[in-house]
Amino acid sequence: MDNTSHPIDFNAAKARITGLRTALRSYLFSLPNTVAEPHTALFTNDCKHCFEENRLLFSEFEALSTAAKIMQDLAVTLIGRYKEGHPEDAQNALQIFDLRADNMLLQLELLELKVNTGTAIKDLTVTDAENITEPSGEQYQEMAQTLQIIDYLYKDQAQQLYKSRESAQKKLESYFSQAPVGICILKGPNMMVELANELYLQIVDKDGQFINRPLLESLSELKGGMIDDILTRVYNSGVPFVGTEVGVCLSRKGHSELAHFNFVYQPLFEDNGAVQGIIIVCTEVTGMVNARNALIEKEKEFRNMVMQSPIAMCIFRGRDFVIEIANKTMQDDIWRKDIAEVEGRGILEVFPELIDQKYADQLNAVMDTGIPHREIESLAYVVSHDGTKAYYLDYEYAPLFDIDGSVTGILCTVTDVTERVAARQLRERLQNRKSHLIQTLPVAMYTIDGNGYIDLYNEAAEILWGRTPQLGIDRWCGSHRITTLDGVYVPHDECPMAMAFKEGRSMEEEIYMYRQNGERRHVLVHPQVLKDENGRVVGATKVMIDITERMVAEEALRRSEHKFRVLSESIPQFIWTADPDGRLDYFSDSMFRYTGYKEYQLLDAGWLDMIHPQDRDENIRRWMHSVETGNDYIMEHRFKRSDGVYRWQLSRATAQKDERGNIIQWVGTSTDIDDQKTFQKNLEMLVEERTYELKKANIDLQNMNKELQSFAYISSHDLQEPLRKIQTFGSIIMASEKNLSDSAKKNFTRMQVAAARMTKLIQDLLMYSRASGTEKVFEKTDLNAMVAEIVSEFAETLDEKGGTVTVAQLPSINAIPFQIRQLFTNLISNAIKFAKSGMPPVITIASEVIKGNAIDNPNAFGRKKYLHIAVSDNGIGFSQEYANRIFEVFQRLHGKTEYEGTGIGLAICQKIAENHEAIISAASKSGEGATFNVYFPL
């Protein structure tokens, strides 16, 4: 064959490798103009016979064919992974294909160089031609000329080959130095380093002295290990070795370090086919391996977290919401199914009852929009083997994103709050019962909340006070004035109710209450604290008994007793005695006068004849019990008077005992209490009448509350509707009427501004009303998450003004979530609104736990702990003399044209603080910013 011809077109082969690399990258990353999957064939076997004609090149062709086959298989694998729906895997593995492509190009360069430098033509000279024994001299001359021509051609060709070899050598050296991979050429069985590019030297942390030394002498840490074995095997067998992400311990920068490499050990052959060395091509992939391992580890941690979480969690994949994983809590507590029954199946297939509920639509919405969906206390019905069960659930559907931003699944987190909802509903029912009970009680009674403000009272209390208290304003007591029995004035915050609440105990005291008309009532009070399940004082209740008439009666009785002592003989009280066995043996003369009986008629058991027949059995039972036990005898019963009229008597008897405790005599008295019993009966009738009136008034009050709520609702909507029309039609007129004068435009603008201000005022009033009257449902609230969300809502306004909000670590508290959100929203909005002109607002939110005695507020309890949250700014501030005024409704320190607002925002904050038994205050100096302090009791 022609010695200058090559079995393969090297330029075409290189172009084919580069073309496949480009087409594959475009296909895997879906670049524009990518029509179809790339053709993976690199070389065909038609050129094999060319190598067979030159046995010296056959081994190179075999190695080249093997490398080409590996590249083709890898390309097919990457295309397959892409088609199976795993583009990220194919894209990540493209680095390995690029490494093999670089290796293939290097092999082609080496083979091309060997072919170019290995072409040899025997140097035939004229002298050699003289040894040819041809008979014809003419033929000799012709042959000689031919040889001279051939010799000339050879010399010319040799010169060209030399230049070609020199160019190839430079090209190879340039490729080595600029190659994006580490390259090292080893020679001989001792693996002498003949050449190493700069990148390889950096990889092994060596300098130029690494060259011309045995590899394992410079890298002694590799001796006797895996790399030593591989190098020996490649050198001895002549078979290349390809390593992928192989871990190797190298000594770099003075310490051992585990690194990972993709590499190729390619044997170098002599012309006779013997291995003369090894070429190493490697790329360090430590970062990629570590990143992937970290990703795998994080995925394991995430799955472990899901599976071990005490909160019910699961993951759905795809539009069919296939259950990928579900933890034990979800299986046992919510689904009530084994994992084998649900895994790999769609959630709507396993629980078809959810289709008719709202959850299917919510799942589809999260997949479509990528926006999480959260709900609290949502009612759900779940069907399992044990039937249908209703749950109240707090849940969240969080989207799971792919690297291209598409939603691939949903993380579902569920908390069963059925018991909490049931407990709250029970509390509400109990509260309603309590309220109804208080309203229907015939005695005066009222309650206070956790801040000491009256929140419930009945009509009897209103009558006793002689005034109607204002809920949420009157504190501790609704009376006009209080004094001790000695006439010493008692402030309301030191009254029995206040002291019982502050000291956390119950008590009983007698005081004087004065009505606004100056009338004084003698009252026996019984304040008692109310505590929650944690033992925290959350309020108090007080029963008030008006004993004015009783005390007047007692006073009269005392005066009567004095007279009685003076006129002891005329006392109508009966005195009698009995022996230890209970037989009556003595009666005073007043008994005989009252009954008209003689002594013998009353002695022994004769006295029973004067007892009313309805009272005799009980009288005998009690008397015999006292005789048997020695306890005092007390009985209210009716005695028949001499005229046949029965009157109520209070009989008492006490055993007289000796020093050993033996009863020696019973001494008893009987007192006429008929007038008191009549008075009591009349009083009970009066109480019954008052109770009926109280019930009727309660019904009327409930009807009035319903009408008031309806009025507030209608007013809020009916007032806002014409305002919206004013704004809408004003905008239409200004936009459509081109002939409006500047004055008219100005008037329309002022009209719209006024309407907007009125709308804002109505909305703020409604918000204030809701803060006052909304049900107080407390939940565990994460202040960190809540404040972060609020700050993000002000992000655009802060960016416009260049402002910043710094938030310290905040705890979770038991609170009314939407009210706490409104509180922080108002305070942050206030700080932004009152920023200094031209100065970026700087807002700081900090927290600490302090004792009540460190709070400058009379409502703080010294022994309690408080969570202190301070919201500070660098705004215009205000004079400290207005610190209390700013929390009042409609109070503004600036004109409405200077700063927008209705003057209700801070009043709402005050109301929210009261709902949480918290204290809110403000501190500032004009021009030096302001700090709003909120103290939550712990």
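Residues numbered from 1 in each chain as written. Predicted model: local features only at pLDDT ≥ 70, side-chain atom pairs only at ≥ 80, totals over all residues. Heavy atoms only, no water.

## Considerations on the overall build of the protein chain
When helices and strands are counted, the protein chain shows 27 helices and 28 strands. Buried residues in the protein chain amount to 39% of all 938 residues. Contacts in the protein chain between residues far apart in sequence, at least 24 positions, make up 54% of those at least 6 positions apart. Surface exposure of the protein chain reaches about 52500 Å², of which carbon and sulfur atoms provide 52%. (Helix = DSSP H or I, 4+ residues; strand = E, 2+ residues; numbered from the N terminus. Buried < 20%, exposed > 50% of the residue type's maximum accessible area, 1.4 Å probe, protein only. Contact = heavy atoms within 4.5 Å. Areas by Shrake-Rupley, 256 points an atom, 1.4 Å probe, with all protein chains shown as cover.)

## Focus on the sheet that holds strand E13 (residues 481–483)
In spatial order, the strands read E12-E11-E16-E15-E14-E13; together these 6 strands make up an open sheet with antiparallel pairing. Edge positions in the sheet fall to strand E12 (454–457) and E13, since each has one partner strand and no second. Across the sheet, the axes of successive neighbouring strands diverge by a mean angle of 35°, strand direction being ignored. As defined by bridge partners, strand E15 (residues 520–531) adjoins strand E16 (residues 537–546) across 9 bridges and the pair is classed as antiparallel. The partner of Leu-524 across the bridge, within E16, is Ile-545. (Pairing = 2+ DSSP bridges. Axes fitted to C-alpha atoms, helices over the stretch in contact; angles between N-to-C directions.)

## A few points about the pairing of E16
Taken together, the 5 bridges between strand E11 (residues 444–448) and E16 define a ladder with antiparallel strand orientation. Following the sheet pairing, Met-445 is matched in E16 by Val-543. The antiparallel hairpin formed by E15 and E16 contains 5 residues in its connecting segment, where Gly-535 sits at a positive phi of about 80°.

## Focus on a nonpolar patch on the surface
A surface patch of nonpolar side chains, amounting to about 270 Å² of accessible area, comprises Phe-679, Leu-683 and Leu-686. Along the chain, the position of Leu-686 falls in helix H22 (residues 674–736). (Patch = residues over 30% accessible without salt bridge, like charges linked within 9 Å, V, L, I, M, F, W, Y side chains within 5 Å. Salt bridge = Lys/Arg side-chain N within 4 Å of Asp/Glu carboxyl O.)

## Let's talk about unusual backbone geometry
Despite not being glycine, Met-191 shows a phi value in the positive range, around 55°. Mapped onto the elements, Met-191 comes out in the loop between strand E1 (182–187) and strand E2 (192–196). According to the relative accessible area criterion, Met-191 is buried, its value standing at 5%. The backbone of Glu-917 sits at a positive phi, close to 60°, despite the residue not being glycine. Residue class for Glu-917 comes out buried when judged on its relative accessible area of 17%.

## A closer look at the pattern of salt bridges
Applying the stated criterion across every chain yields a total of 37 salt bridges. Here Arg-621 and Glu-618 are joined by a salt bridge, their closest N and O atoms 2.6 Å apart. Here Glu-618 and Arg-621 lie together in helix H21 (residues 613–629), a separation of 3 residues that amounts to about one turn. Ionic pairing is found between Arg-821 and Glu-793, a salt bridge with its closest N-O pair at 3.6 Å.

## Here's the deal with the packing of helix H26 (residues 817–833) against helix H27 (residues 905–915)
One can describe the packing of H26 onto H27 by two numbers: an axis separation of 9 Å at closest approach and a directional angle of 145°. For H26 against H27, the interelement crossing comes out left-handed. Across the interface between the two elements, Gln-819, Ile-820, Gln-822, Leu-823, Asn-826, Leu-827 and Asn-830 of H26 pack against Gly-905, Leu-906, Ile-908, Cys-909, Ile-912 and Asn-915 of H27. Split into classes, the residues belonging to the contact of H26 with H27 amount to 7 nonpolar, 6 polar and no charged. (Left-handed = near helix turned anticlockwise from the far one by under 90°. Nonpolar A, V, L, I, M, F, W, Y, C, P; charged D, E, K, R; others polar.)

## A few points about empty space enclosed by the protein
The final tally for this structure, using the stated rule, is 5 cavities of 30 Å³ or more. Considering only enclosed or pocket space, the largest cavity measures out at about 230 Å³ in volume. What lines the largest cavity is a set of 17 residues, and nearest its centre among them are Trp-335, Leu-354, Leu-393, Tyr-397 and Val-414. Those elements giving two or more residues to the lining of the largest cavity turn out to be strand E6 (312–317), helix H11 (328–335), helix H14 (359–369), strand E8 (373–384), strand E9 (387–401) and strand E10 (407–416). Here the lining of the largest cavity is built from residues that sort into 17 nonpolar, no polar and no charged. (1 Å grid on protein atoms, 1.4 Å probe; cavity = no way out; pocket = protein on both sides within 12 Å on 5 of 7 lines; lining within 4 Å. Points joined across faces, edges and corners; volume = space filled by probe spheres on them.)

## Thoughts on the nonpolar core
Core analysis: the biggest nonpolar cluster contains 39 residues, and Leu-783, Ile-820, Leu-823, Leu-827, Ile-828, Phe-932 and Phe-936 have the highest contact counts within it. Where this core is concerned, the elements lending two or more residues are helix H24 (783–793), strand E24 (812–815), H26, strand E25 (842–851), strand E26 (865–872), H27, strand E27 (919–924) and strand E28 (930–937). What Phe-932 contacts, discounting residues up to four positions off in sequence, is Leu-827, Asn-830, Ile-869, Ala-870, Val-871, Phe-878, Ile-886, Phe-887, Leu-906, Ser-921 and Ala-922. Counting 32 residues, the second-largest nonpolar core is a separate cluster that includes Ala-461, Trp-476, Ile-511 and Ala-540. (Core = buried A, V, L, I, M, F, W, Y, C linked by side-chain atoms within 4.5 Å.)

## Focus on the confidence of the model for the protein chain
Chain-level pLDDT for the protein chain is 80 on average; 80% of the residues reach the 70-or-more range. With pLDDT under 50 throughout, residues 44–56 is counted as low confidence; its partners more than four residues away or in other chains account for 16 contacts. (pLDDT = per-residue confidence, 0-100.)

## A short note on a negative patch on the surface
A surface patch of negative charge is lined by Glu-684, Glu-688, Glu-689 and Glu-693. Looking at the secondary structure, you find Glu-689 in helix H22. (Lys, Arg positive; Asp, Glu negative; His and termini not counted. Charge placed at Lys NZ, Arg CZ, Asp CG, Glu CD.)

## Some words on the pairing of strand E4 (residues 255–269)
In terms of burial, E4 is a largely internal element, 11 of the 15 residues being buried. Bridge count between strand E3 (residues 241–252) and E4: 10 bridges; the pairing is antiparallel. Across the sheet, the residue bridging to Gly-243 is Phe-263, located in E4. Connecting the antiparallel pair E3 and E4 is a turn made up of 2 residues, with Lys-253 showing a positive phi of about 55°. Judged from the 9 bridges that link them, E4 and strand E5 (residues 275–284) form a sheet pairing that is antiparallel. Pairing of Asn-262 across the sheet is with Thr-283, part of E5. Hairpin connection from E4 to E5: 5 residues lie between these consecutive antiparallel strands, with Gly-273 at a positive phi of about 90°.

## A short note on the sheet that holds strand E17 (residues 574–578)
Spatially, the 5 strands line up as an open sheet ordered E18-E17-E21-E20-E19, and their pairing is antiparallel. Bordering the open sheet on either side are strand E18 (584–587) and strand E19 (633–640), each of which pairs with just one other strand. Going from strand to strand, the sheet's axes swing by 25° on average, the running direction of each strand aside. Contacting E17, E18, E19, strand E20 (646–657) and strand E21 (663–672), H21 crosses the sheet at an angle of about 150° to E19.

## Things to note about the environment of Ser-479
Summarising the element assignment, Ser-479 is placed in the loop between helix H16 (459–465) and E13. Accessibility expressed as a relative area gives 4% for Ser-479, which makes it buried. Measuring from C-alpha to C-alpha, the distance between Ser-479 and Trp-465 comes to 4.8 Å, with 14 residues separating the pair along the chain. Aside from chain neighbours lying at most four places away, what touches Ser-479 is Trp-465, Arg-467, His-492 and Met-513.

## Some points on the packing of aromatic side chains
Applying the stated criterion to the full structure yields 18 aromatic pairs. For the ring pair Trp-576 and Tyr-633, a centre distance of 6.5 Å and an interplane angle of 70° mean the geometry is edge-to-face. Of this pair, Trp-576 sits in strand E17 while Tyr-633 sits in strand E19, and the two are 57 residues apart along the sequence. Residue classification places Tyr-633 among the buried positions, given a relative accessible area of 3%. Here the aromatic rings of Phe-887 and Phe-932 are separated by 6.2 Å at their centres, their planes lie at 90°, and the arrangement is edge-to-face. You can see Phe-887 sitting in the loop between E26 and H27 and its partner Phe-932 sitting in strand E28, a full 45 residues away along the chain. Per residue, the accessibility class of Phe-887 equals that of Phe-932, and both read buried. Put simply, the rings of Trp-576, Trp-623, Tyr-633 and Trp-666 pair up and form one aromatic cluster. Between Arg-481 and the ring centre of Tyr-514, over which it is positioned, the NZ or CZ distance is 5.1 Å. (Phe/Tyr/Trp six-rings, centres within 6.5 Å; stacked < 30°, edge-to-face > 60°. Lys NZ or Arg CZ within 6 Å of the ring centre and 35° of its normal.)

## Some details on H26
Because an α-helix completes one turn every 3.6 residues, residues spaced three or four positions apart along the sequence face the same direction. Here H26 spans 24 Å end to end across 17 residues, near enough to the 24 Å set by a 1.5 Å rise per residue. Looking only at H26, the buried set comprises Gln-819, Ile-820, Leu-823, Phe-824, Thr-825, Asn-826, Leu-827, Ile-828, Asn-830, Ala-831 and Ile-832. (Expected span 1.5 Å × (residues − 1).)

## Some details on the packing of H24 against H26
Working note: a packed helix pair is described by the angle between its axes plus the distance between those axes. Taken N-terminus to C-terminus, the directions of H24 and H26 make an angle of 45°; their axes are 10 Å apart at the nearest point. Taken together, the axis directions place H24 and H26 in an arrangement best described as oblique. Classified by chirality, the crossing of H26 by H24 is right-handed. Contact residues: H24 offers Leu-783, Met-786, Val-787, Glu-789, Ile-790, Val-791 and Glu-793, while H26 offers Pro-817, Ile-820, Arg-821, Phe-824, Thr-825 and Ile-828. A class-by-class count of the residues in the contact of H24 with H26 yields 9 nonpolar, 1 polar and 3 charged. (Parallel < 35°, antiparallel > 145°, perpendicular 65-115°, else oblique.)

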